[in-house]
Amino acid sequence: MNWVGRDKAAIWHPFTPLEGVDDPLMITSAEGIYLHTEDGRKIIDAVSSWWVNLHGHSHPFIAEAIAKQASGLEHVIFAGFTHKPAIELAEALLSILPANQSKIFYSDNGSTSVEVALKMALQFWYNQGMEKKKIIAIDGAYHGDTFGSMSVGERSDFTKPFAKHLFDVDFIDFPRSDNEKEVFHQFQETVATGDIAAFIYEPLIQGASGMRMYSTTILNRLITHAQENNILCIADEVMTGFGRTGKLFASQYLTRSPDIMCLSKGITGGAMALGATSCTDKVIEAFRSKDLKQTFLHGHSYTANPIACAAGIASFKLLTDPYCQKNIDRITANHLAFVEKHKNAPVIKNIRSMGSILALEFKTDSDSSYFSELRNTLYPFFIEKDILLRPLGNLIYIIPPYIIQDEELSKIYRAIEEFLNLMPSHPS
Ligand SMILES: Cc1ncc(COP(=O)(O)O)c(C=O)c1O
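Residues numbered from 1 in each chain as written. Predicted model: local features only at pLDDT ≥ 70, side-chain atom pairs only at ≥ 80, totals over all residues. Heavy atoms only, no water.

*Asks:* Could you give an account of the pattern of salt bridges, naming the residues involved and the relevant values?
*Replies:* Pairs can form between side chains of opposite charge once their charged atoms are near each other. Under the counting rule described, the total for this entry stands at 12 salt bridges. Asp-178 is the partner of Arg-176 in a salt bridge, and the nearest nitrogen-oxygen pair spans 3.0 Å. Overall, Arg-176 belongs to the partly exposed group, its relative accessible area being 44%. We classify Asp-178 as exposed; its relative accessible area is 55%. Residue Lys-341 is joined to Glu-417 by a salt bridge in which the shortest nitrogen-to-oxygen separation is 2.8 Å. Pair noted here: Lys-341 is in helix 11 (residues 322-342) and Glu-417 is in helix 13 (residues 406-422), with a separation of 76 residues, a long-range link. (Salt bridge = Lys/Arg side-chain N within 4 Å of Asp/Glu carboxyl O. Buried < 20%, exposed > 50% of the residue type's maximum accessible area, 1.4 Å probe, protein only. Helix = DSSP H or I, 4+ residues; strand = E, 2+ residues; numbered from the N terminus.)

See the structure below:
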């Protein structure tokens, strides 16, 4: 049996039906922005492999850090023990996070970083004898696939089979330019009911619901109102963190800083699985006790895995080198020019960008959800051109590794333009 046959016999892939889909592409190696297939193709990874890769694949500096760490200390239980990579990475993260963040709690992916944040927020109140039960979230949110993170996310076909098992959350409407006043009012009313432990949000861009962007003005107002009413604010920066939006963290565009932050994806440059949840002194103080009942009794076997932390430190060094910020600024400028060029195209419903993220929504007559038929045309169209884009329904987005060159970006833009020219002009 060939490799793909063996894959099909032994493996169940994420977000993938078991019938009626094309065979997976066999990747044998990856370098820079390119994924190399078994049959010699070089595919541009325009989505940074689920938004994790920052500096290109198989980056030698990160690979070397991983190899060195693996042959020294590969793993150790993180309760009662510690190690240099975990300490160094925590210090590095705190040096670039908003100044009010004071401690790092490690886990191993984005969903767990959110679980940790939610549990931290709920126990923060519990420890003080105030059992606040409710969380406020924003319509369309995606915070992960575990039960807590699903609960604070959009209820959809993805979560339907589990609907009865998700906890109650108060959702406010997604803030658009034409409803910010109403959304704020809705938020005020929800806050006034009391019993709210935390407000969780993807700052300025909701990723999985289609790179939906909203204004700093409304988010500042929501955070301010929440904090003035004793509600903990949780910024889920799993997607937006580590430079994606142009600044190191989207929260840095805002006047108020969150109480808790969730990090993953880019934290290791995309080389190793790692999650981190940071919090302020105020949060920590509620847990400062010898009493086990006041302790945060949460952990994962691979918490603060030294190899992952070593990859994180290497990625941090690359990220904070001025060369990286120059690349982010360059991609930002390219995206802005592309948006400007196509903002009035008749087949485009909306085109927008923020930092290294570009999103383009096509006009369709039918359903514009994740399950839109257009997806089935878009994905193969780009893959045949050796460009990996994973459409979300009628929307495509680019979120490339920062080392992508102008010519490579142009190749992606040209392919998109080709697709635009093939689309029949929309009646409206
Ligand atoms: C904002 C946000 N939070 C959490 C997650 C979950 O991360 P993971 O897939 O690592 O569990 C994602 C993943 O896309 C995300 O975009």
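That was the structure; now back to the text.
*Asks:* Describe in detail helix 12 (residues 374-384), supporting the description with residues and values.
*Replies:* Residues lying three or four places apart along an α-helix face the same way, a consequence of the helix completing one turn every 3.6 residues. Within helix 12 the residues assigned to the buried category are Leu-374, Arg-375, Leu-378, Phe-381, Phe-382 and Ile-383. Residues of helix 12 that are buried make contact with strand 3 (42-45), strand 14 (357-362), strand 15 (387-388), strand 16 (395-398) and helix 13. Asp-386 sits one or two residues past helix 12 and shows a positive phi near 60°. (Contact = heavy atoms within 4.5 Å.)

*Asks:* So what's going on with the nonpolar core? Which residues, and what values?
*Replies:* Counting residues in hydrophobic clusters, the biggest one holds 97 residues, and the most contacted among them are Tyr-106, Phe-199, Tyr-201, Phe-362, Phe-382, Tyr-397 and Ile-416. For this core, the element with the highest residue contribution is helix 13, accounting for 7 residues. Built from parts of two domains, this core gets at least three residues from each of domain 1 (3-58 + 322-422) and domain 2 (63-319). Apart from the residues lying within four places of it in its own chain, the contact partners of Tyr-106 are Phe-78, Ala-86, Leu-89, Ala-90, Leu-274, Gly-275, Ala-276, Thr-303, Ala-304 and Cys-309. Residues Val-114, Val-152, Ala-197 and Ala-198 belong to the second largest nonpolar core, which totals 26 residues. (Core = buried A, V, L, I, M, F, W, Y, C linked by side-chain atoms within 4.5 Å. Domains from an automatic or database assignment.)

*Asks:* Summarise the packing of aromatic side chains; cite the residues concerned and give the values.
*Replies:* What the rule picks out here adds up to 17 aromatic pairs. Between Phe-174 and Tyr-214 the ring centres are 5.4 Å apart and the planes differ by 75°, which places this aromatic pair in the edge-to-face class. One end of the pair, Phe-174, is in the loop between strand 6 (170-172) and helix 7 (180-192); the other, Tyr-214, is in the loop between strand 9 (212-213) and helix 8 (216-228), and 40 residues separate them in sequence. For Phe-174, a relative accessible area of 9% puts it in the buried group. For Tyr-214, a relative accessible area of 7% puts it in the buried group. Where Phe-338 meets Tyr-413, the ring centres are 4.4 Å apart and the plane angle is 10°; that geometry is what we call stacked. You can see Phe-338 sitting in helix 11 and its partner Tyr-413 sitting in helix 13, a full 75 residues away along the chain. Take Phe-338: its relative accessible area is 4%, and that puts it in the buried class. By way of ring pairs, the aromatic residues Phe-362, Phe-381, Phe-382 and Phe-419 are connected into one cluster. Sitting over the face of the ring of Phe-184, Arg-221 holds its NZ or CZ atom 3.9 Å from the ring centroid. (Phe/Tyr/Trp six-rings, centres within 6.5 Å; stacked < 30°, edge-to-face > 60°. Lys NZ or Arg CZ within 6 Å of the ring centre and 35° of its normal.)

*Asks:* Describe the sheet that holds strand 16, and please don't skip the residues or the numbers.
*Replies:* In spatial order, the strands read 13-14-16; together these 3 strands make up an open sheet with antiparallel pairing. Of all strands in the sheet, those with a lone pairing partner are strand 13 (348-354) and strand 16, marking the two edges. Sheet twist, expressed as the average angle between the axes of neighbouring strands with direction ignored, equals 10°. Of the strand pairs in this sheet, strand 13 and strand 14 are connected by 6 bridges, and their pairing is antiparallel. Each bridged residue has a counterpart across the sheet, and for Asn-350 the counterpart in strand 14 is Glu-361. Sheet strands touched by helix 11: strand 13, strand 14 and strand 16. Its angle to strand 13, the strand with the most contacts, is close to 160°. (Pairing = 2+ DSSP bridges. Axes fitted to C-alpha atoms, helices over the stretch in contact; angles between N-to-C directions.)

*Asks:* Quick one: what's the story with the domain arrangement of the chain, residue by residue and with numbers?
*Replies:* For the chain, the assigned domains read domain 1 (3-58 + 322-422) and domain 2 (63-319). Taken over C-alpha atoms, the centre of domain 1 sits 26 Å from the centre of domain 2. Listed per partner, the contact involves 26 residues of domain 1 and 26 residues of domain 2. When domain 1 packs against domain 2, the two sides together hide about 2400 Å² of surface, and 68% of this comes from carbon and sulfur. Three residues, Trp-51, His-55 and Met-354, lead the burial of domain 1 against domain 2; their summed loss comes to 28% of the area buried on that side. On inspection of domain 1 and its partner domain 2, the count reaches 14 residue pairs in polar contact (both at pLDDT 80 or more). Elements supplying a minimum of two residues to the side of domain 1 that touches domain 2: helix 2 (48-51), helix 11, strand 13, strand 14 and strand 16. (Buried area = accessible area lost by both parts, 1.4 Å probe. Polar contact = N/O pair within 3.5 Å; in protein donor to acceptor, adjacent residues only side chain to side chain.)

*Asks:* How would you summarise the site of the ligand if you had to cite specific residues and measurements?
*Replies:* In the vicinity of the ligand, the residues found are Trp-51, Asn-109, Gly-110, Ser-111, Tyr-142, His-143, Gly-144, Glu-202, Asp-236, Val-238, Met-239 and Lys-265. Residue Asn-109 places a side-chain N or O atom 3.3 Å away from an oxygen atom belonging to the ligand. Lys-265 is positioned such that a nitrogen or oxygen atom in its side chain is 3.0 Å from an oxygen atom of the ligand. When the ligand is considered free in solution it has 390 Å² of accessible area, and contact with the protein chains removes 84% of it. (Near = heavy atom within 4 Å. Areas by Shrake-Rupley, 256 points an atom, 1.4 Å probe, with all protein chains shown as cover.)

*Asks:* Outline the environment of Leu-319, supporting the account with residue identities and numerical values.
*Replies:* Within the element layout of this structure, Leu-319 appears in helix 10 (residues 306-319). C-alpha of Leu-319 to C-alpha of Ser-410: the two residues are 91 residues apart in sequence and 24 Å apart in space. Not counting residues within four places of it along the chain, the set of residues in contact with Leu-319 comprises Leu-54, His-55, Ile-96, Phe-242, Leu-248, Cys-324 and Tyr-402.

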